[in-house]
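Each chain, letter by letter, is given below.
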Amino acid sequence: MNEFILTYLPNVVKFWDYIVKAIGETSYMVSVSLVLSAVLGIPLGILLVITGRNHLLPMPAFNQILSFFINIFRSIPYIVLIIILIPFSRQLIGTAIGPDAAIISLVVGSAPFVARLVETAIREVNRGVIEAAQSMGASNSQIIFKILIPEALPAIISAVTVNAVALIGFSAMAGVVGAGGLGAMAYNYGFNGFKPDIMFFTTVLLIVLVQVVQMIGDAIARKLDHR
Amino acid sequence: MITLSNVVKVFKNRFGSFTALDGIDLSIQKGEIFGIIGYSGAGKSTLVRMMNLLETPTSGDVTVGDTNLNSLSSKDLRRARRKIGMVFQHFNLLWSRTVYDNVALPLEIAGVPKSEHAAKVNELLSLVGLSDKADLYPAQLSGGQKQRVGIARALANDPDVLLCDEATSALDPKTTDSILELLKEINRKLSLTVILITHEMHVIEKICDRVAVMESGRVIEMGSVVDIFSNPKTTTTREFISQVAGDEHIDAEFLQNLGQGAILRCTFVGGSASQTMVTSLVREVGVEVNILQGQIKRLKDIAFGTLYVHIPGNVDIEAQAIAYLKKNGVKVDILRGAEGGGQA
Ligand SMILES: Nc1ncnc2c1ncn2[C@@H]1O[C@H](COP(=O)(O)OP(=O)(O)O)[C@@H](O)[C@H]1O
Ligand SMILES: [Mg+2]
């Protein structure tokens, strides 16, 4: 086994500490941007639904403007977004490179995506149930927190999971432009440094990460789903 | 208990406007079970949604208890709604909550302290016969059980009024009857005013005290269920009655061949049971009676029957028989007089 590793993955052994560090960076970027994009995206998704026509808080003009901006951010290619956000990153955290700078672009890029997924999830909540809550005398905030979110929770968890997988991919891309992590490892050491075993190994790690995240997300969603 | 005066509801959209309620005047007494029947699109749901202002009237007043709902601030309206329970055709339960937590939802919304929930929820679950299902999720229940949860939930804040919009329309006939029994029991035990929307006359005859018949956004007929059954004034009402009355049509050719004598439709309400009446008619007046067709139904708490009879003989005999029947509280319609024969 050891012999096998030394023969086929020599650089993986040699650069093991770097790989461990890269795993740490990827986990950090993905988990922080996952939390931040959920914190931003979920309320935006809820707003998209409830400010729509015939919903809790109809505000057609606001709704259309919000929808328009979300579409804009969703249509900017990620690599372009990174570049656009350079001055903003400098302002906010003092630098445009490294994991923290990557987190900014990852959040800006994925929060609108989460918002759209959550919008669909919330829209699926049966209108009759909302009406039942109104007939009990529920206020709008009670309807949001006691009806909309709990009823849509499995779908919201699925949305967050889909976003986590997307973030793993995008974080690898951000790595290429100086954010570190497994993507940077694959590119800098593997591709530019002619160490195919590193490229192979880090890619396998990314695949495993995606599988694990998807499995966890599916398990939670299934546990919450009592339909 | 509930008064609607000149309530109008106009729905407007891009294509124009539609008058769903066209001047409704209605007064529902405390403690009664009031039915509203009509075909699909008649405006029944819109009307019942006026009674908790889920739908706001375009004009007119809605009073429940002694509060005019239109005049309330949104906060006061929410408070008033706690005293008006509502039950839905498709139950509208939260599938993310257990039966127990579904019933507790109105208490949470009303801000009742959590320590008081268990007693109330358990009391309600035992009232609707679901004590052993508290920890199940709605998806694990049958339709009838789901509606029982819906009813328990609607009663959580001790309402004065229960609004039921097609509460049994998604259920099979047997389950429908058990839910109707439950509503009747609740009405009696809690002296709750119940408003029942339906398109099935069966529901009306089974538990309602009074009924309003709706068509095209108007109440076209209203009265006690017995009066409506014994003396329907509109075609629509007659159609609804025929849903439950079986085939009232008597073959014309069959009547032609009956020979001389009167053909009468006798309507019995309450006390005058039809069988003894026929027996005593034969015995005391001394006429012959051929029973052509008849049926007796039980309304909420009164017997109600129709009987088609042929009485051979002349006009005198006919007059004697009719006088006797009327004296005993039977409503008589002459389908064919004793003389002449042939025409109805
Ligand atoms: N929100 C609405 N907008 C436009 N039209 C409506 C709306 N709600 C109901 N209507 C119309 O009002 C009429 C009565 O509807 P409804 O009260 O639901 O009837 P019912 O319950 O007797 O079947 C229908 O023709 C329906 O299309
Ligand atoms: Mg309806």
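Nothing here was measured: the structure is a model prediction, and the numbers come from that model.

Peer 1: Tell me about the overall build of chain A, and name the residues and values.
Peer 2: Helix and strand counts for chain A stand at eleven helices and zero strands. Across chain A, helices and strands are ordered from the amino to the carboxyl terminus as α-α-α-α-α-α-α-α-α-α-α. Taking the principal axes of the C-alpha coordinates as reference, chain A spans close to 70 × 40 × 25 Å. Considering only contacts within chain A whose residues lie at least 6 apart along the sequence, 72% involve residues at least 24 apart. As presented, chain A carries roughly 11,700 Å² of accessible surface, and 69% of it is formed by carbon and sulfur atoms.

Peer 1: So what's going on with the interface of chain A and chain B? Which residues, and what values?
Peer 2: Tallying the contact residues gives 22 residues for chain A and 22 residues for chain B. The tally of links from chain A across to chain B stands at two salt bridges. Between A:Glu131 and B:Arg49 there is a salt bridge whose closest N-O contact spans 2.7 Å. Remark: the boundary between chain A and chain B carries eight residue pairs in polar contact (both at pLDDT 80 or more). At the level of elements, α8 (127-135) and α9 (140-179) of chain A are the ones that each hand at least two residues to the side of chain A that touches chain B. It is α8(A) that provides the largest number of residues to the side of chain A that touches chain B, a total of seven residues. Taken together, the residues of the side of chain A that touches chain B break down into nine nonpolar, eight polar and five charged.

Peer 1: With reference to specific residues and values, describe a nonpolar patch on the surface.
Peer 2: Residue and element names in this part refer to chain A. A cluster of nonpolar side chains, Ile79, Val80, Ile84, Phe170, Met173, Val176, Val177, Tyr187, Phe191 and Met199, forms an exposed patch at the surface whose accessible area comes to about 800 Å². Of all elements in the fold, only α5 (78-84), α9 and α10 (182-192) reach the threshold of two or more residues within the nonpolar patch. With four residues, the top contributor of residues to the nonpolar patch is α9. Looking at the element boundaries, valine 176 is found in helix α9. Note on valine 176: relative accessible area 36%, which makes it partly exposed.

Peer 1: Can you explain the sheet that holds strand β12 (residues 290-299) of chain B? Please cite residues and give values.
Peer 2: Residues and elements named next belong to chain B. One open sheet holds the four strands; their spatial order is β12-β13-β11-β14, and the pairing between them is antiparallel. The open sheet terminates on both sides in strands that have one partner only, identified here as β12 and β14 (331-336). Averaged over neighbouring strand pairs, the angle between their axes works out to 15° when direction is ignored. Note that β12 and strand β13 (residues 302-311) share nine bridges and pair antiparallel. Directly across from glycine 294, in β13, lies its bridge partner leucine 307. In the packing of helix α12 (residues 315-327) onto the sheet, the strands contacted are β11 (262-269), β13 and β14, and the crossing angle to β14 comes to about 155°.

Peer 1: Give a description of the pattern of salt bridges that names residues and reports values.
Peer 2: Scanning the model with the defined rule gives 19 salt bridges over all chains in all. For B:Asp177, the salt bridge is made with B:Lys206, and the minimal N-O distance between the two is 3.9 Å. In this pair, B:Asp177 is assigned in helix α6 (residues 173-189) and B:Lys206 in helix α7 (residues 201-207), connecting sequence segments 29 residues apart. Members of the salt-bridge network, linked through shared partners, are A:Arg116, A:Glu119 and A:Arg123.

Peer 1: Now, about the pairing of strand β2 (residues 16-28) of chain B: what can you tell me, with residues and values included?
Peer 2: Residue and element names in this part refer to chain B. As paired strands, strand β1 (residues 2-13) and β2 are joined by ten bridges and run antiparallel to one another. What sits directly across from lysine 9, in β2, is leucine 21. The hairpin turn running from β1 into β2, its antiparallel successor, is two residues long.

Peer 1: I'd like a rundown of the packing of α9(A) against helix α11 (residues 196-224) of chain A, residues and numbers included.
Peer 2: Residues and elements named next belong to chain A. Contact pair α9 / α11: the axes reach a minimum separation of 8 Å and the direction vectors enclose 170°. By the angle class used here, α9 and α11 are roughly antiparallel. Together, Leu153, Pro154, Ile157, Ser158, Thr161, Ala164, Val165, Ile168 and Ala172 of α9 and Leu206, Leu209, Val210, Val213, Gln214, Gly217, Ile220, Ala221 and Leu224 of α11 make up the contact between the two elements. A breakdown of the residues in the contact of α9 with α11 according to their chemical character gives 14 nonpolar, four polar and no charged.

Reading guide: rules and limits
Numbering of residues starts from 1 in each chain and follows the order in which that chain's sequence is written. A letter from A marks each chain and a number from 1 marks each ligand, given out in the order of writing. Reporting of local features is limited, given that this is a predicted model, to residues whose pLDDT is at least 70; pairs of side-chain atoms are given and counted only at 80 or more, and all residues count toward the totals for whole chains, interfaces and linings. The side-chain quantities take in all heavy atoms of the structure and omit both hydrogens and water. For helices the rule is a DSSP run of H or I covering at least 4 residues; for strands it is a run of E covering at least 2, with both sets numbered from the N terminus onward. We call two residues contacting when some pair of their heavy atoms lies within 4.5 Å. Every accessible area reported is derived by Shrake-Rupley at a probe size of 1.4 Å, with residue values counting cover from the shown protein chains alone. Every case where a carboxyl oxygen of Asp or Glu lies within 4 Å of a side-chain nitrogen of Lys or Arg is listed as a salt bridge. Two N or O atoms count as a polar contact when they lie within 3.5 Å, although within protein this holds only if one can serve as hydrogen donor and the other as acceptor, and sequence-adjacent residues are included solely when both atoms are side-chain atoms. All residues other than Ala, Val, Leu, Ile, Met, Phe, Trp, Tyr, Cys, Pro, Asp, Glu, Lys and Arg, Gly among them, are scored as polar; the first ten of these are nonpolar and the last four charged. To count toward a patch, a residue needs a relative accessible area above 30% and no salt bridge. Like charges then connect within 9 Å, nonpolar side chains (Val, Leu, Ile, Met, Phe, Trp, Tyr) within 5 Å. Exposure is judged per residue with a 1.4 Å probe applied to protein chains only, and the accessible area is read against the type maximum: over 50% gives exposed, under 20% gives buried, and values in between give partly exposed. Strands are labelled as partners when DSSP assigns at least two bridges between them. Angles run from 0 to 180 degrees between N-to-C directions of axes, and those axes are lines fitted to C-alpha atoms, restricted for helices to the stretch in contact. Angles below 35 degrees are treated as roughly parallel, those above 145 as roughly antiparallel, those between 65 and 115 as roughly perpendicular, and all remaining angles as oblique.

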